[in-house]
Structures are given as C-alpha cells and as structure tokens.
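A structural walkthrough
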Amino acid sequence: MSRAAGDRLGEAWARSARMVGRRIGDEYVLVPLAGRGADLDSILNLNRVAAFVWEQLDGARSGTQVVASVVERFEVERARAEQDYLELVGTFVELGAVEPARRRG
Amino acid sequence: MPGPARPSLARLAGALAYQQVLLADARRNRAFRRALAARVRPGASVLDLGAGSGVWAVAAARLGARRVVAVEREAVLVPVIAALAREAGVLDRVEIVRAEARRVRLKREFDVVIGELVGNEAFEEGLIPVFERARSLFLRPGGALVPEWVSLVAAPVEAPLRLGLTPPFLPSASVAALTTHVPRNLHPAELRALAPGRELVRVDLRTARAAERLPLARARFRVGNGRAVGGIAVWVGMGLAPGARLATRGGTHWLPTLLPVEPLPQGPGELDVEIDWNADRRRWAVRFSGKRGRRHAADYSPLFAWGVVRAALAGGGLGK
C-alpha cells in the first residue's frame, strides 16, 4: 500500500450536504444538489457495498474503521475491501460528494 | 423551434373547452376584473399576453383603454377574441396578434401588461421569462403588470385517500416507491391541511429574471396531536393589483400540487420542510421531530426516480 493510500485510510470523510441519497427498492441513488440545472449524468447509482460505505461516511469513522465494517458485513478480504474503499472515496472526492472531516480539538 | 399551433378540429375543441373552464371560474374572473379596474385608466394602452378567449383584452377596452393588443398563439381562438370584441363594441380598439407570448415583437407603448400565464405550479407556463421580456421591451416606464407578484404557499396535509400509486387489485411496492417521488395534482376536496399555509417564496414580477433560480424554500409547521402528515400541498398566491389577490388553494380551476411523503409519525411535533421548486431540480425534504423522540427525515425528488428507472433500463429491471 502506498503512503498516500495509507493516509487516506487514516482519514475520516463526511458526506457533503450538497448530495442527498435515497434507497428505493434495491437501488441507492445519490443526487447532487449543487449546479444550475439537472445534469442527469451526475446522478449516481450505488451498489450494495458502495451504499453501505456512503452511509458510514459520517466524518467520525476513519477509512480503516469503515473498511473493517465492510469486511465484517460483506465477508470480503481486507485487501480487496481497502482497494474498493479507496477507489470509491476517490470517486466521491472527485464529485465533491464528500469532504474531509474537521479535525477536533 | 415550434411556432404557433396549426388549427385542427381537436385543437378547436380542446381550446374552447379549456376557455370554458376558465370563464366558469368565478373567483378568478372576479379577481382579474378587479385588478383591471384598478390598473386600466381611460386612454391607457394595454397588452394581453396569452389572451385566450380575449376576455381581459375586451374587458380592458370596455374600461376605457384607448388601444389593446391581444396576443394569442392558438389560431382557433383568434375569431373568438374578435367575436367577443365585436359584440362588446370595442373591435376598433382591440388588435389581435397571433403569436407566441414569449416571441411576439411589439413597440414599447403599453401602460399595462396582463399575462394570465400562471400554471398549477406557478411558473411552468413561462410567466417569468415572458414578463421579463415584456418589462424590457413593451412596458412603458411606470407601467403596471398583472399579476405583479406570484407566490408559493405550502401546508402539510393528510395522505389523500386516492394516492393513486398503484391499482388496489394490483399492488406494487416498487411502482409505489417510484411515484412517491413525483408531484401530482391534488383535488381541493382531498386537501386536508394539518397546519395553516405558509408562504415559501414570493416572486416579484416587476424585477424577476429568468436567469435567476428560485431560492431554496424552508418552513416550519407545528403538527397537532394524533395527526400524521402524508404530503405537502403547495398552491399559488397572486398579487394581481392593489386590493386584488387570488389563491389557488381551492375554489378555482387551478389545482394545488401534492408533494407526497411516506407517512410520518403522528403529532404532536414540528415539521421542517425544505423545497427546491426549480423544475429541473424539484426536491422536497421533511424532518419531523415529535414527542418521545419520534423522528423521521427523508428526501424526495423525481431525480431519485430517474436514477432507479435508468438502472432498470440498463438491465437491472425494476423491483428486482
């Protein structure tokens, strides 16, 4: 694991107030609130694992803790869960869907 | 770019039927007539954008307007306006222009601009861009607009009996979940308000610009003991002229809009509502806080339904 990846696992991320998510049936849909008009391509469909991760991004839990929850919940290998988590958070960061948690103290 | 609609038997029947509905709306007629009486001075020049049957153009002429221009896109209504003006004895002062209200070209010569371009959801008939253009091109300095402002008013309501989600003989949780995210018309008889209405947004048509988006609207309501909210009703308020107001909550041909929500816990409690009324980003969020820690929060938007349907089209199927 690279140092950057390790750093990101140690960080906590918070869902941006500019995104709202809803589970409808088996689909979990994220809708951005920012922007002038409806860019329908900016609406995201999350799979089960991604939706679970999204709900864990509360600004308090570190990436390591979220990955541990994924491993426990979905019975996947830790290395695979870390890789998926980092890719997913990277996508969320690109879209402005998450923000770094404010450091306490 | 679509031009004015071509005449046909179906268009004639549809246009006349709709105008009948408007002309039978006594509350609407009273309010607009009062507004014209307040605004149209003898010798005034008046522009009616989207004139329909021509009732307001002809009424303005009878109130003493020197010149009235009635702009109407429906070819089949042009002879109707002419007949109304002729029988009222004002045909010499009413000019009929067949054109789209948002594209018509005229001089800046009008003291009053009327535009009854208010839809059930207030702005879907192009009220803001048409009035912005009218202000900049047709209205004389100091002239008056009818209406001069339009507002959105909301109140939490009980779930309608006919929620219309799926047929009772063929229930479908997946279809019901989708339709919860889609606004629909609410018949006034179904509108059982659980709190007084609150104005969410007021748009001043004397200054409104089409390029500006409607602000995010927020309101807090107190829900009474034992009452459960099943949706948010939104209706339109209009300031037509000083002393002439109109609301579409009931008793008019307009219908309020229901923003459905999944049933909330029973009151008493406080309900915070947030609504983005911009058509391309329509969204509503409810946050209920009741006694004994009863809380519920949810977001709704046709964009969520879009996400679900898009995934289904891509091969997942709906309700898989």
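Residues numbered from 1 in each chain as written. Chains lettered and ligands numbered in written order. Predicted model: local features only at pLDDT ≥ 70, side-chain atom pairs only at ≥ 80, totals over all residues. Heavy atoms only, no water.

With 20 residues of chain B at the contact, the number on the chain A side is 22 residues. The interface formed by chain B and chain A includes one salt bridge. Between Arg22(A) and Glu262(B) there is a salt bridge, and its shortest N-O distance comes to 2.9 Å. At the boundary of chain B with chain A, the tally comes to seven residue pairs in polar contact (both at pLDDT 80 or more). (Contact = heavy atoms within 4.5 Å. Salt bridge = Lys/Arg side-chain N within 4 Å of Asp/Glu carboxyl O. Polar contact = N/O pair within 3.5 Å; in protein donor to acceptor, adjacent residues only side chain to side chain.)

Whether parallel or antiparallel, the strands of a sheet pair through hydrogen bonds between backbone atoms. Residue and element names in this part refer to chain A. Strand order in this open sheet of three strands is 2-3-4, and the pairing throughout is antiparallel. Unpaired on one side and paired on the other, strand 2 (19-24) and strand 4 (44-46) mark the two borders of the sheet. For this sheet, the mean angle separating the axes of adjacent strands, direction not counted, is 25°. Alignment of strand 2 against strand 3 (residues 27-32), held across six bridges, turns out to be antiparallel. Directly across from Gly 21, in strand 3, lies its bridge partner Leu 30. (Pairing = 2+ DSSP bridges. Helix = DSSP H or I, 4+ residues; strand = E, 2+ residues; numbered from the N terminus. Axes fitted to C-alpha atoms, helices over the stretch in contact; angles between N-to-C directions.)

Residue and element names in this part refer to chain B. Tracing the backbone through its elements, the reader meets Leu 16 in helix 1 (residues 9-23). Sequence-wise, Leu 16 and Gly 52 are 36 residues apart; in three dimensions their C-alpha atoms are separated by 9.2 Å. In this structure, Leu 16 is in contact with Leu 77 and Val 80, ignoring residues within four places of it in sequence.

Of all the residues in helix 5 (residues 127-137) of chain B, the buried ones are Leu127(B), Ile128(B), Val130(B), Phe131(B), Ala134(B) and Arg135(B). End-on view of helix 5 of chain B: buried residues confined to an arc of 165°, all on one side of the axis. (Buried < 20%, exposed > 50% of the residue type's maximum accessible area, 1.4 Å probe, protein only. Arc of directions from axis to C-beta.)

All right, on to the packing of aromatic side chains then. One pass over the full model with this rule turns up four aromatic pairs over all chains. Measuring from ring centre to ring centre gives 5.4 Å for Phe52(A) and Phe74(A), while their planes differ by 80°; the resulting arrangement is edge-to-face. Taken as a pair, Phe52(A) in helix 2 (residues 48-56) and Phe74(A) in helix 3 (residues 63-74) lie far apart in primary sequence, 22 residues in all. The same class applies to Phe52(A) and to Phe74(A), which are both buried. Aromatic pair Trp54(A) and Phe92(A): ring centres 5.2 Å apart, planes at 65°, arrangement edge-to-face. Of this pair, Trp54(A) sits in helix 2 while Phe92(A) sits in helix 4 (residues 78-95), and the two are 38 residues apart along the sequence. Sitting over the ring of Phe221(B), Arg198(B) keeps its end group 6.0 Å from the ring centre. (Phe/Tyr/Trp six-rings, centres within 6.5 Å; stacked < 30°, edge-to-face > 60°. Lys NZ or Arg CZ within 6 Å of the ring centre and 35° of its normal.)

It is worth spelling out unusual backbone geometry at this point. Between Val146(B) and Pro147(B) the backbone carries a cis peptide bond, its omega angle lying at 0°. Secondary-structure assignment places Pro147(B) in the loop between strand 5 (139-146) and strand 6 (149-157). Between Gly267(B) and Pro268(B) the backbone carries a cis peptide bond, its omega angle lying at 15°. Summarising the element assignment, Pro268(B) is placed in the loop between strand 12 (257-260) and strand 13 (269-276). Phi is positive for Glu75(A), close to 55°, though the residue is something other than glycine. With respect to the helices and strands, Glu75(A) occurs in the loop between helix 3 and helix 4. Although it is not a glycine, Ala122(B) sits at a positive phi angle of roughly 80°. Within the element layout of this structure, Ala122(B) appears in the loop between strand 4 (110-114) and helix 5.

Moving on to the sheet that holds strand 14 (residues 283-290) of chain B. All names here are of chain B. If you walk across this open sheet you meet the four strands as 9-13-14-15, and the pairing is antiparallel. Lying at the two open borders of the sheet, with one neighbouring strand each, are strand 9 (217-223) and strand 15 (295-300). Strand-to-strand twist of the sheet, defined as the mean angle between neighbouring strand axes without regard to direction, takes the value 10°. Note: strand 13 against strand 14, eight bridges, orientation antiparallel. Bridge pairing links Leu 271 to Phe 288 in strand 14.

What follows deals with helix 3 of chain A. Residues and elements named next belong to chain A. Compared with the 16 Å implied by 1.5 Å per residue over 12 residues, the 16 Å span of helix 3 between its first and last C-alpha is a close match. Gly 63, Val 66, Val 67, Val 70 and Phe 74 are the residues of helix 3 that are buried. The buried residues of helix 3 occupy one face: seen down the axis, they fall within an arc of 100°. One or two residues past the end of helix 3 sits Glu 75, with phi positive at roughly 55°. (Expected span 1.5 Å × (residues − 1).)

Residue and element names in this part refer to chain A. Checked against the element boundaries, Leu 46 lands in strand 4. Between the C-alpha atoms of Leu 46 and Tyr 28, which are 18 residues apart in sequence, the distance is 5.3 Å. Apart from residues lying up to four places away in sequence, Leu 46 is in contact with Tyr 28, Leu 30, Ala 51, Trp 54 and Phe 92.

The values reported here are purely geometric and, on their own, carry no functional implication.
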